[in-house]
Amino acid sequence: ISATGFLRPRASRSLSTFQSHLSVSVRTLSLLGAGLSAPSGLQTFRGLGGLWRTYDAKELSTPAAFERNPALVWTFYLERRRAARAAHPNKAHKALAEMAQRVGVEGFLAISMNIDGLSERAGHPPEALKLLHGNLFDIKCTKCEHILQGDAADEVIQSLEKPSAESSGSPALRREDIPKCSSCQSGLLRPAVVWFNEPLPFETLSSIYSWIQASPTIDTMLVIGTSAEVYPATAYIEVARQKGARIAVVNVEKEDVGLLALEEQDWYFEGHAAVLVPEMLS
Ligand code: BV8
Ligand code: ZN
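The residue numbering used here restarts from 1 in each chain and proceeds along that chain's sequence as written. The naming scheme follows written order: chains are lettered A onward, ligands numbered 1 onward. pLDDT decides what is reported in this predicted model: residues at 70 or higher carry local features, side-chain atom pairs at 80 or more are listed and counted, and totals for whole chains, interfaces and linings draw on all residues regardless. The side-chain numbers reported here are obtained from all heavy atoms of the structure, hydrogens and water having been left aside.

Peer 1: Is there a simple way to think about the pairing of strand β1 (residues 28-32) in this case?
Peer 2: Along any regular strand, the residues point their side chains to alternate faces of the sheet. Only protein chains enter the calculation, and the probe is 1.4 Å; a residue is then buried if its accessible area is under 20% of its type maximum, exposed if over 50%, and partly exposed in between. Comment: elements are numbered from the N terminus, with helices defined as DSSP H or I runs of at least four residues and strands as E runs of at least two. With respect to burial, β1 is a largely interior element, five of its five residues being buried. Of the two faces of β1, both are covered, the one formed by Thr28, Ser30 and Leu32 as well as the one formed by Leu29 and Leu31. Where β1 and strand β2 (residues 108-112) come together, five bridges link them in parallel fashion. The residue bridging Ser30 from the neighbouring strand is Ala110, located in β2. Two strands qualify as a pair provided that DSSP identifies no fewer than 2 bridges between them.

Peer 1: How do you make sense of the coordination of the zinc ion (ligand 2) when you look at a structure like this?
Peer 2: Four donors placed tetrahedrally about a metal ideally form angles of 109.5 degrees, and six donors placed octahedrally ideally form angles of 90 or 180 degrees. Coordination shells were defined by N, O and S atoms within 2.8 Å of each metal, extended to 3.2 Å for Na, K and Ca; water is absent from the atom set, which can make sites look incomplete. Cys141 (SG), Cys144 (SG), Cys181 (SG) and Cys184 (SG) make up the full set of protein donors to the zinc ion (ligand 2), lying at 2.3 Å. Along the chain, the residues that donate to the zinc ion (ligand 2) are spaced as C-x2-C-x36-C-x2-C. With Cys141 in strand β4 (residues 134-141) and Cys184 in the loop between α9 (150-161) and β6 (189-193), this pair connects stretches of sequence that are 43 residues apart. On the basis of relative accessibility, which here comes to 0%, the residue Cys141 falls in the buried class.

Peer 1: What am I meant to see in the sheet that holds strand β3 (residues 129-131) here?
Peer 2: In sheet architecture, strand pairing relies on hydrogen bonds along the backbone and comes in two forms, parallel and antiparallel. Across the sheet, which stays open at both edges, the six strands sit in the order β3-β2-β1-β7-β8-β9 with parallel pairing between neighbours. This sheet does not close on itself; its edge strands, each paired only once, are β3 and β9 (267-270). The sheet shows a mean angle of 15 degrees between the axes of neighbouring strands, taken without regard to direction. Pairing between strand β8 (residues 246-251) and β9: four bridges, direction parallel. Each residue of the ladder has a partner; that of Ala248, found in β9, is Trp267. The sheet contacts of helix α1 (residues 15-23) involve β1, β7 (220-224), β8 and β9, and relative to β9 the element is tilted by about 125 degrees. Axis geometry follows a simple rule: fit a line to the C-alpha atoms, using only the stretch in contact for helices, then measure angles between N-to-C directions, giving values from 0 to 180 degrees. Here a residue-residue contact requires only that any non-hydrogen atoms of the pair lie within 4.5 Å.

Peer 1: When you look at the UniProt feature "binding site: Zn(2+)" (unreviewed entry) in the protein chain in this model, what are you seeing that I'm missing?
Peer 2: UniProt positions are given in the numbering used here, feature names are shortened, and annotations may be inferred rather than shown by experiment. Summarizing the sequence annotation, UniProt attributes the feature "binding site: Zn(2+)" (unreviewed entry) to Cys141, Cys144, Cys181 and Cys184 in the numbering used throughout. The annotated residues occupy 44 residues of the chain but converge on a single region, no pair of C-alpha atoms lying more than 8.5 Å apart. Given a relative accessible area of 34%, Cys144 falls into the partly exposed group. What Cys144 contacts, discounting residues up to four positions off in sequence, is Cys181, Ser183 and Cys184. Looking at where Cys181 falls in the secondary structure, it is placed in the loop between α9 and β6.

Peer 1: When you look at the packing of aromatic side chains in this model, what are you seeing that I'm missing?
Peer 2: Each aromatic ring pair is characterised by the separation of its centres together with the angle its planes make. Paired rings are identified among Phe, Tyr and Trp, the last through its six-membered ring, by centres lying within 6.5 Å, and are further divided according to the angle between planes into stacked (under 30 degrees), edge-to-face (over 60) and tilted (the rest). Across all of its chains, the model carries five aromatic pairs by this definition. Arranged with centres 5.5 Å apart and planes meeting at 35 degrees, the rings of Phe66 and Trp195 form a pair that is tilted. A residue pair is termed long-range when its members are at least 10 positions apart, and Phe66 in helix α5 (residues 63-68) and Trp195 in the loop between β6 and α10 (202-213) qualify at 129 residues. Judged by its relative accessible area of 3%, Trp195 falls in the buried class. With 6.2 Å between their ring centres and 50 degrees between their planes, Tyr77 and Trp195 make a pair best called tilted. Linking Tyr77 in helix α6 (residues 70-86) with Trp195 in the loop between β6 and α10, this pair joins segments that are 118 residues apart in sequence. Of the two residues, Tyr77 and Trp195, neither departs from the other in class, the shared state being buried. Here the aromatic residues Phe66, Phe76, Tyr77 and Trp195 are joined through ring pairs into a cluster of three or more.

Peer 1: What should I look at first to understand the site of ligand 1 in this one?
Peer 2: Around ligand 1 sit 35 residues, and of these Phe45, Arg46, Arg80, Ser227 and Asp256 come closest. In this structure, Thr226 approaches ligand 1 through a side-chain N or O atom, which is 2.7 Å from an oxygen atom. Within 3.5 Å is the distance limit for a polar contact, defined as a pair of N or O atoms, with the added protein rule that one can donate a hydrogen and the other accept it, and that residues adjacent in sequence qualify only through two side-chain atoms. Interatomic distance of 2.5 Å between a side-chain N/O atom of Asp256 and an oxygen atom of ligand 1. All accessible-area figures derive from a Shrake-Rupley calculation using a 1.4 Å probe, and residue coverage is judged against the displayed protein chains alone. Protein coverage of the free-state accessible area of ligand 1, which is 1500 Å², stands at 75%. For this description, a residue counts as near a given molecule or strand if any of its non-hydrogen atoms is within 4 Å of it.

As structure tokens, this is what we get:
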């Protein structure tokens, strides 16, 4: 990496060499970040106008924040649910879903850090999509881990979104508005996402591990729209490299790619995922 922090011209930018490599790849792994959903209008975390520019991450995506101010944390996640519901999967989500349908899970696994549900809505086969950080639309109990999904979760959201009678004056949520778990009667209900300093879902980690171990090699690692700072998600890039994978990165900011120390046999495609990914996978 040269003094200015820019990539030395090492990673290839040739779409055709990538496409010919992909055409002979038997196993492809991909790591999907917030930049994949940015073209759908969802804010990223660190990018311009990123969520964490306006909010302080520590204020919102940690168990301590929820403990201290569950109403503020719910307000943040209600806003993100509304935005995700209103957004639509973009061409990159669809191209990845089509590749997963075409190649099958033995040949292609997507590991997503996104909680927005857009890959699922693009038709990505569930067995070929691992949500490392949970799902914005599921709700769980802080005490007994009881999970609410689909309509049951939406009912809880309605109670949160309809300010209760006495608080009709101030639309802001208050602690007493936070719903309680119906099965243990005591825990507060929270978004079923993985916060910082929380362990990632064990069954997800182990199913990813068995995919990785199913063969001695991985041929291609697609890294789409991530600043590659959050662990252990980012560690999968190194795991794939150790198994012989050539890495292809899609990102609008070349600075964020610097962290990955790409080499000659890798690729860096600078630009918008919704434009580049469909071309790469076509
Ligand atoms: C854990 C769910 C242990 C909630 C999320 C110090 C060093 C290293 C690690 C740590 C450390 N201190 C603490 C840690 C661990 C910590 C961590 O990684 N911290 C980082 C910030 C330093 N990790 C954890 O805490 C994890 N848990 O370690 O547990 C443990 C074990 C056992 C028992 C107890 C504990 C949990 C991490 C999960 C946190 N939850 N999400 C929510 O979403 O609200 S993380 C959240 O942020 C997202 O899910 C995502 O993972 C991450 C954001 O990253 P990106 O997706 O990369 O998004 P970002 O905005 O950063 O970048 C977007 C990129 O796209 C940019 O590069 C941009 O240029 C590009 N882009 C933009 N537009 C486009 C584009 N590219 C292409 N096209 C475009 N149009
Ligand atoms: Zn409970």
